[in-house]
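# A closer look at the structure
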Amino acid sequence: MSKLQELENNKRRKLSSAADQEHSQPWVEKYRPRKLDDVAAQDHAVTVLKKTLQSANLPHMLFYGPPGTGKTSTILALTKELFGPSLVKSRVLELNASDERGISIVREKVKNFARLTVSKPSNEDLENYPCPPYKIIILDEADSMTADAQSALRRTMETYSGVTRFCLICNYITRIIDPLASRCSKFRFKSLDASNALSRLSYVADQESVTYEEGSLEKILDISAGDLRKAITLLQSASKLSNYNDNNKITPGQLEELAGIVPTPILKEIVEKVASKDVNSIVQYVSDFCKDGWSGASVINQLHEHYITNDMFDTNFKNQVSMILFDTDSKLTNGTNERIQLLNALIKISQV
Ligand SMILES: Nc1ncnc2c1ncn2[C@@H]1O[C@H](COP(=O)(O)OP(=O)(O)O)[C@@H](O)[C@H]1O
Ligand SMILES: [Mg+2]
């Protein structure tokens, strides 16, 4: 093979592997907001952060809120806008839950990074980005850190606050010890409401030329309940599956199947069985239902939704049903037998 040919082949190989990568990238990463302006629905947090961007004077920060609402994306976008793509590597340390984060890590890794002097930005970076003279340490999913590790962090935070800012991210603010929380500006991230989530989801669907039957996107949002990561992941899995459909369109039924939730017609049958108050037929139905491999935990959730949002039932009935379902849910979480628990719950409800 001539040298030229070889070079040509190499080039082709590189190109095709780049294309593969593009193709196989999870859509949640591909459509992660790159700039603060791309973050949807978190107007309050974004406005305040943009102000701090102008003054380039950042406090320690604590982001909290449910999963898939843009917390990680927001801080990553913020650091990029602060430092620019090249400086960001030496100025930002990101640790997340998959890293060990006991007290030793706080003592070593975090402290070592915190006390480093800041690297000098190039002139080009200085022209285009604020490049403030400090580093940022992101502790993602900080609520999974032990209380000891959090205490150790308190000292580090204080000692090196001249050259380092912290951003703690968590789902539950109550799991962050008070002395840490009180040192941070707090930003609450809300669950995305239906219209914001829908517009982001349909944007992704358009970009990827996904076709779907009416009601599919709404179904996805129903299932993912404000968690955009879950929604986009579900869209991607469904789009792969829909290639096998006749018209290549995603259907709401397929989405239910993918998400492992019980389809509406079956849920309706269960509710009818319960209303009939016929114990024998409930026993038979539950036994068949479990043999079909449906998940008990999911059906408990859906039954809750069904009974609580239905105006046909009075408050007293809803109260009692909630108690029964709550009890069953906690028992299932402890790993008890699904069939027995489900049967127990349905018979109890039928006798309310
Ligand atoms: N507010 C938002 N605006 C735009 N996209 C979002 C938003 N929230 C979540 N996403 C999407 O969901 C994915 C996960 O978001 P992420 O920031 O990691 O959520 P969190 O850290 O709050 O769990 C992102 O890659 C993005 O595609
Ligand atoms: Mg996150």
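Residues numbered from 1 in each chain as written. Chains lettered and ligands numbered in written order. Predicted model: local features only at pLDDT ≥ 70, side-chain atom pairs only at ≥ 80, totals over all residues.

Before going further, it helps to spend a moment on the environment of Ala41. Mapped onto the fold, Ala41 is located in the loop between α2 (27-30) and α3 (43-55). Ignoring sequence-local partners within four residues, the contact set of Ala41 consists of Lys190, Leu192, Asp193 and Asn196. (Helix = DSSP H or I, 4+ residues; strand = E, 2+ residues; numbered from the N terminus. Contact = placed C-beta atoms within 7 Å.)

The next subject is the sheet that holds strand β1 (residues 61-64). Taken together, the five strands give an open sheet; going across it, the order is β2-β3-β4-β1-β5, and neighbouring strands pair in parallel fashion. Whereas interior strands pair on both sides, the edge strands pair on one side only; in this sheet they are β2 (92-95) and β5 (185-188). If you compare each strand with its neighbour and ignore which way they point, the axes differ by 15 degrees on average. Bridge count for β2 against strand β3 (residues 135-139) is four bridges, and the pairing is parallel. Paired with Glu94 across the strands is Ile138, a residue of β3. Packed onto the sheet, helix α5 (residues 103-115) meets β2, β3 and β4 (164-170) and runs at close to 160 degrees relative to β3. (Pairing = 2+ DSSP bridges. Axes fitted to C-alpha atoms, helices over the stretch in contact; angles between N-to-C directions.)

Turning next to the site of ligand 1. In the vicinity of ligand 1, 19 residues are found, and the nearest of them are Arg32, Gly70, Lys71, Thr72 and Ser73. At the level of secondary structure, the elements contributing two or more residues to the shell around ligand 1 comprise α4 (71-91) and α11 (228-242). Both domains that furnish three or more residues to the shell around ligand 1 are identified here as domain 1 (31-188) and domain 2 (194-259). (Near = placed C-beta within 6 Å. Domains from an automatic or database assignment.)

It is worth spelling out α11 at this point. Taking 1.5 Å per residue as the helical rise, α11 with its 15 residues ought to reach 21 Å, and the 21 Å between its terminal C-alpha atoms agrees with that figure. Inspection of α11 places Leu228, Ala231, Ile232, Leu234, Leu235, Ala238, Ser239 and Ser242 among the buried residues, and these make up the whole buried set. The arc that holds the buried residues of α11, viewed along the axis, is 160 degrees, so those residues lie on one side. Here the buried face of α11 lies against α2, α9 (194-207), α10 (216-224) and α12 (252-259). (Expected span 1.5 Å × (residues − 1). Buried ≥ 20, exposed ≤ 12 C-beta atoms within 10 Å, placed from the backbone. Arc of directions from axis to C-beta.)

Orientation of α11 relative to α12, taken along the N-to-C sense of each, is 115 degrees, at an axis distance of 10 Å. The element α11 and its partner α12 pack so that their crossing is right-handed. Counting all contacts with α11, which are made through Leu234, Ser237, Ala238, Leu241 and Ser242, the residues of α12 involved are Gln254, Leu255, Leu258 and Ala259. (Left-handed = near helix turned anticlockwise from the far one by under 90°.)

Moving on: the confidence of the model for the chain. For the chain, the average pLDDT comes to 88, and 92% of its residues sit at 70 or higher. Considering each helix and strand of the chain separately, the mean pLDDT is smallest for helix α1 (residues 3-24), with a value of 56, and largest for β1, with 96. (pLDDT = per-residue confidence, 0-100.)

Further remarks concern unusual backbone geometry. Its identity as a non-glycine residue notwithstanding, Ser209 has a phi of 45 degrees, on the positive side. Among the secondary structure elements, Ser209 is positioned in the loop between α9 and α10.

A few words on the pairing of β4. The element β4 is largely enclosed, with a buried count of seven among its seven residues. Here β4 shows two buried faces, one formed by Thr164, Phe166, Leu168 and Cys170 and the other by Arg165, Cys167 and Ile169. Here β1 pairs with β4 via four bridges, running parallel. Note that in β4 the partner of Phe63 across the bridge is Ile169. Bridging between β3 and β4 involves five bridges; their strand directions are parallel. Following the sheet pairing, Lys135 is matched in β4 by Thr164.

Between the first and last C-alpha of helix α17 (residues 338-350) there are 18 Å, a value that for 13 residues agrees with the 18 Å anticipated at 1.5 Å per step. Within α17, the full set of buried residues consists of Glu338, Gln341, Leu342, Leu343, Ala345, Leu346 and Ile349. On its buried face, α17 is in contact with α13 (264-276), α14 (279-291), α15 (296-308) and α16 (315-333).

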